[in-house]
2 protein chains.
Amino acid sequence: MSFIATPQTMHFAEALPLASGASIRDYQLAYETYGELNAARDNAVLVCHALNASHHVAGRYAGQERSEGWWDNMIGPGKSVDTNRFFVIGVNNLGSCFGSTGPMHTNPDTGEVYGADFPVVTVEDWVNAQARLLDRLGIAQLAAVMGGSLGGMQALSWTLQYPERMRHAVVVASAPNLTAENIAFNEVARRAIVTDPDFHGGHFYRHGVVPKRGLRIARMIGHITYLSDDVMNEKFGRELRNAVNGGYQYSTQDVEFQIESYLRYQGDKFSDYFDANTYLLITRALDYFDPARAHGGSLARALAAARARFLLVSFSTDWRFAPARSREIVQALLENRRRVAYAEIDAPHGHDAFLLDDPRYLAVVRAYFDNIAKEVQP
Amino acid sequence: MSFIATPQTMHFAEALPLASGASIRDYQLAYETYGELNAARDNAVLVCHALNASHHVAGRYAGQERSEGWWDNMIGPGKSVDTNRFFVIGVNNLGSCFGSTGPMHTNPDTGEVYGADFPVVTVEDWVNAQARLLDRLGIAQLAAVMGGSLGGMQALSWTLQYPERMRHAVVVASAPNLTAENIAFNEVARRAIVTDPDFHGGHFYRHGVVPKRGLRIARMIGHITYLSDDVMNEKFGRELRNAVNGGYQYSTQDVEFQIESYLRYQGDKFSDYFDANTYLLITRALDYFDPARAHGGSLARALAAARARFLLVSFSTDWRFAPARSREIVQALLENRRRVAYAEIDAPHGHDAFLLDDPRYLAVVRAYFDNIAKEVQP
């Protein structure tokens, strides 16, 4: 049974300048903390979230069954990131839809709901917003910043934007930028949302509708790319949902295979809670992240700014953020003579593996944090 | 400059029984032939098409620039499949939208356009329809049946349904069935079409509209899976379409990257000419194909019926129909002591490679057909 987590919010009146040139003011960030900040204030760990996750990283909500945070298997008392030793912070990113200011909130400049007018936010913007939250929490330097997937991009960006504000960075199942194929999948998902007649140019809130068709398609595409071909074959294979006399129903629109049923269910569930404008914003932040871009494409030059020690983890069957992409980061860090540990976990689950209970993976992270714990004040 | 091709149609009054239990009558097949049937009638080659192709396999249409058939680089006078020696037949499949009877035609039983009521067709049904066409053309036995991707599935099925009606089968970039991931991509594409409000349950013709949004999404997904990650990175990488001062425009809805522009263009083009019901039917035929299914999942037992000699070709970076899937077919044929040649072409282009001008690929097919030519009467 997990501990009880309590979400909090922090309001920021001062405008935050964004990479696009726009800015956002009077915003709030939803966050949670687990464990205790020690007297030396040197045991804080910031956890950055991926596309559809939130500040609810670990623990569960009082009175809500199955409300465990998305990394509850990793973080908690006695777990790999032990909240008996570390003060862990989860923050919902700007533009998300789980409590921090996002497209469904009111723009203070116009008094209207932002909708599609919510400014484009980048990984760098999120890191700046998180840094302000740490300022307010009185944390000058993190023991570690960590994240998986898009969260790993934020952890990496932290080491470049605020090189002195963390001692360690843990970057899991991530990449130094998206490939053309990654961008392509994001773009198809966005087109499905934007061309849904219920999207209304991103101002669907005014119309009392939600572009659920588009969100469903976006999620189905996402799900395919989170899983490996192997695990899909193992979990679903060519199994039929309702075999008629042991055979096909012969229908183009009804569910025939189990995998179809699974994807439809995932799409339906997602479209009930996720905001369409947030989906656009977060996939765009993924597309844009590319620290090497300002350095003539040289990741090694980009990472020269980093001072942290690193743990990188990748998963063998992850074709969305393949091990080769993590190795690019490792290589660029080594070229800068940075200290880096790297674990490539042989796991069948594709990109999703970073959220799952692989004992070797959890042990690698545990061992790394055990060493970090030795550096913090008791 | 290619030769001039002339499409023809053949009408079939008699009902064709289908795998689903339904049947279709008073249908027509569009087809083309190239070269001359020899006196012994033993030099015919049937070419089966994939998802969005047609009977227009080679040559071009008089007065139409850039109207070359989809395998014009492979088939023609002096080409790998030499129409100076072989009589080549291309047939548009039932349910397609290029001249053979399909969902946009009138159901003779109701006097209404079929639309979504067009019967579900399978690879086996297509093969039966093609066999009737060969009957009418007076061709008892083919020198070879050949096809790529879904066309390769038809070629394989020919050898099981009519083992004595061909001497050779050439199966390119194909598979003995779809994986769960393949089905998943097909299902997302179908959901995009079916949930487009302009689909009207498949009877959009009556409403004078076309579910273009869904077709665009379907095609974009398809295109991603036809290409390899590598070739996408090489062709598009992270190149920007219109860099503003050398940087991002910061937009979630406008085209930012070249890959987005390419996919949108492909989607738009496709939605202008392809029928939505045909897309559902053909992807379902792909899903359903699984000759091992009736043999307890044993491909070797399924292929025991085959008598043809085989050439199989796969491409190293094809992740839609990976080389391992072709090797399954090779293995099952070898277990049956069938004669089989197999070429795995190291090509960067993914599944699309089967349509491209890879010299080694074209040479392999040429060598194989040179040998077939020795068996036919002059």
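Residues numbered from 1 in each chain as written. Chains lettered and ligands numbered in written order. Predicted model: local features only at pLDDT ≥ 70, side-chain atom pairs only at ≥ 80, totals over all residues. Heavy atoms only, no water.

As recorded by an unreviewed UniProt entry, chain A carries the name Homoserine O-succinyltransferase and is attributed to Melaminivora alkalimesophila. What UniProt records for chain A under Subcellular location (unreviewed entry) is the sentence "Cytoplasm". UniProt, in the comment section headed Sequence similarities (unreviewed entry), describes chain A in these words: "Belongs to the AB hydrolase superfamily. MetX family." (UniProt positions renumbered as here; feature names shortened; annotations may be inferred.)

(A) Examining the domain arrangement of chain A more closely. All names here are of chain A. According to the domain assignment, chain A contains domain 1 (7–177 + 291–375) and domain 2 (182–283). Each of domain 1 and domain 2 was reduced to a C-alpha centroid, and the two centroids are 26 Å apart. On the domain 2 side, the residues contacting the 29 residues of domain 1 number 26 residues. Summing both partners gives a buried area of about 2,300 Å² for domain 1 against domain 2, and 62% of it is carried by carbon and sulfur. A per-residue breakdown of the area domain 1 buries against domain 2 is headed by L51, W319 and R320, which together make up 30% of the total. There are 0 salt bridges connecting domain 1 and domain 2. Our enumeration of links across domain 1 and domain 2 arrives at 8 residue pairs in polar contact (both at pLDDT 80 or more). (Domains from an automatic or database assignment. Contact = heavy atoms within 4.5 Å. Buried area = accessible area lost by both parts, 1.4 Å probe. Salt bridge = Lys/Arg side-chain N within 4 Å of Asp/Glu carboxyl O. Polar contact = N/O pair within 3.5 Å; in protein donor to acceptor, adjacent residues only side chain to side chain.)

(B) Summary view of the packing of helix α4 (residues 212–226) of chain B against helix α6 (residues 258–273) of chain B. Residues and elements named next belong to chain B. Viewed as axis vectors pointing N to C, α4 and α6 meet at an angle of 125°, and their least axial separation amounts to 8 Å. Between α4 and α6, the angle falls in the class oblique. At the point where α4 passes α6, the crossing takes the right-handed sense. Where α4 approaches α6, its residues K212, L215, R216, R219, M220, H223 and I224 are matched on the opposing element by Y262, L263, R264, Q266, G267, D268, F270, S271, D272 and Y273. (Axes fitted to C-alpha atoms, helices over the stretch in contact; angles between N-to-C directions. Helix = DSSP H or I, 4+ residues; strand = E, 2+ residues; numbered from the N terminus. Parallel < 35°, antiparallel > 145°, perpendicular 65-115°, else oblique. Left-handed = near helix turned anticlockwise from the far one by under 90°.)

(C) The interface of chain A and chain B, seen in detail. Facing 60 residues of chain A, the contacting portion of chain B comprises 61 residues. In total, chain A and chain B occlude about 5,100 Å² of area from one another, counting both sides; carbon and sulfur atoms represent 62% of this. Inspection of the region where chain A meets chain B yields 8 salt bridges. Our enumeration of links across chain A and chain B arrives at 28 residue pairs in polar contact (both at pLDDT 80 or more). Within the residue set of the side of chain A that touches chain B, elements represented by two or more residues are α3 (180–194), α4 (212–226), α5 (229–235), α6 (258–273) and α7 (276–288) of chain A. At 11 residues, α3(A) tops the list of elements feeding residues into the side of chain A that touches chain B. Along the lines of polarity and charge, the residues of the side of chain A that touches chain B split into 31 nonpolar, 14 polar and 15 charged. (Nonpolar A, V, L, I, M, F, W, Y, C, P; charged D, E, K, R; others polar.)

(D) Geometry of the relation of the copies chain A and chain B. Least-squares fitting of chain A to chain B yields an RMSD of 0.0 Å, with the transformation described by 0.0 Å of translation along the axis and a rotation of 180°. Taken together, the rotation and translation describe the operation of a two-fold axis. The residues that chain A uses at the interface reappear at the interface of chain B in 100% of cases, marking a shared surface. (Least-squares fit on C-alpha atoms with pLDDT ≥ 70 in both.)

(E) Geometry of the sheet that holds strand β12 (residues 340–345) of chain A. Residue and element names in this part refer to chain A. Taken together, the 8 strands give an open sheet; going across it, the order is β1-β4-β8-β5-β9-β10-β11-β12, and neighbouring strands pair in mixed fashion. For this open sheet the edge positions go to β1 (8–12) and β12, each flanked by a neighbour on one side alone. Neighbour-to-neighbour, the strand axes of the sheet open up by a mean angle of 20°, direction not taken into account. Where strand β5 (residues 44–48) meets strand β9 (residues 142–148), 4 bridges bridge the pair, whose relative direction is parallel. If you follow L46 over to β9, its bridge partner there is V145. Sitting on the sheet, helix α2 (residues 150–161) is in contact with β5, β9, β10 (166–172) and β11 (309–315), with an inclination near 145° to β9. Packing of helix α10 (residues 359–375) onto the sheet brings it into contact with β5, β9, β10, β11 and β12, and relative to β11 it is tilted by some 175°. (Pairing = 2+ DSSP bridges.)

(F) Looking closely at the pairing of strand β9 (residues 142–148) of chain B. Burial within β9(B) is extensive, with 7 of its 7 residues counted as buried. You can see the chain leave β9(B), run along helix α2 (residues 150–161) of chain B and come back into strand β10 (residues 166–172) of chain B, and the turn it takes is right-handed. (Buried < 20%, exposed > 50% of the residue type's maximum accessible area, 1.4 Å probe, protein only. Right-handed = clockwise from strand over helix to strand, strands pointing away.)

(G) Inspection of the pairing of strand β8 (residues 87–91) of chain B at higher detail. Residue and element names in this part refer to chain B. In terms of residue burial, β8 counts as a mostly covered element, since 5 of its 5 residues are buried. Along β8, one buried face is formed by F87, I89 and V91 and the opposite face, lined by V88 and G90, is buried too. Direction of pairing for strand β4 (residues 27–34) relative to β8: antiparallel, over a ladder of 4 bridges. The residue of β8 that forms the bridge with T33 is I89.

(H) How the structure looks around the packing of aromatic side chains. Residues and elements named next belong to chain A. Following the criterion strictly, the structure yields 50 aromatic pairs over all chains and no others. Taking the centre distance of 5.5 Å and the plane angle of 80° together, the rings of F270 and Y273 count as edge-to-face. Within this pair, F270 and its partner Y273 are both found in helix α6, separated by 3 residues, close to a single helical turn. Overall, the relative accessible area of 39% leaves Y273 in the partly exposed class. (Phe/Tyr/Trp six-rings, centres within 6.5 Å; stacked < 30°, edge-to-face > 60°.)

(I) Up close: the sheet that holds β4(B). Residue and element names in this part refer to chain B. In space, the 8 strands of this open sheet follow the order β1-β4-β8-β5-β9-β10-β11-β12, with mixed pairing throughout. Each edge of the open sheet is held by one strand with a lone partner, namely β1 (8–12) and β12 (340–345). This sheet shows a mean twist of 20° between the axes of neighbouring strands, independent of strand direction. Bridge count between β1 and β4: 5 bridges; the pairing is antiparallel.

(J) Looking closely at the UniProt feature "site: Important for acyl-CoA specificity" (unreviewed entry) in chain A. All names here are of chain A. Per the UniProt record, "site: Important for acyl-CoA specificity" (unreviewed entry) is annotated on R320. Secondary-structure assignment places R320 in the loop between β11 and α9 (323–335). When neighbours within four sequence positions are excluded, R320 is seen to be in contact with L51, N182, N186, G222, T225, Y226, L286 and H351.

(K) Representation of the UniProt feature "binding site: substrate" (unreviewed entry) in chain A within the structure. Residues and elements named next belong to chain A. Following the UniProt record, the feature "binding site: substrate" (unreviewed entry) maps to R219 and D352 here. In sequence the annotated residues extend across 134 residues, while in space they remain close, none of their C-alpha pairs exceeding 13.8 Å. Mapping R219 onto the fold places it in helix α4. Setting aside chain neighbours within four positions, we find R219 in contact with N52, Y226, Q266, G267, F270 and Y273. By secondary structure assignment, the location of D352 is in the loop between β12 and α10. Classification of D352 as buried rests on a relative accessible area of 19%. Once residues lying within four places of it in the same chain are set aside, the contact partners of D352 are Y226 and L227.

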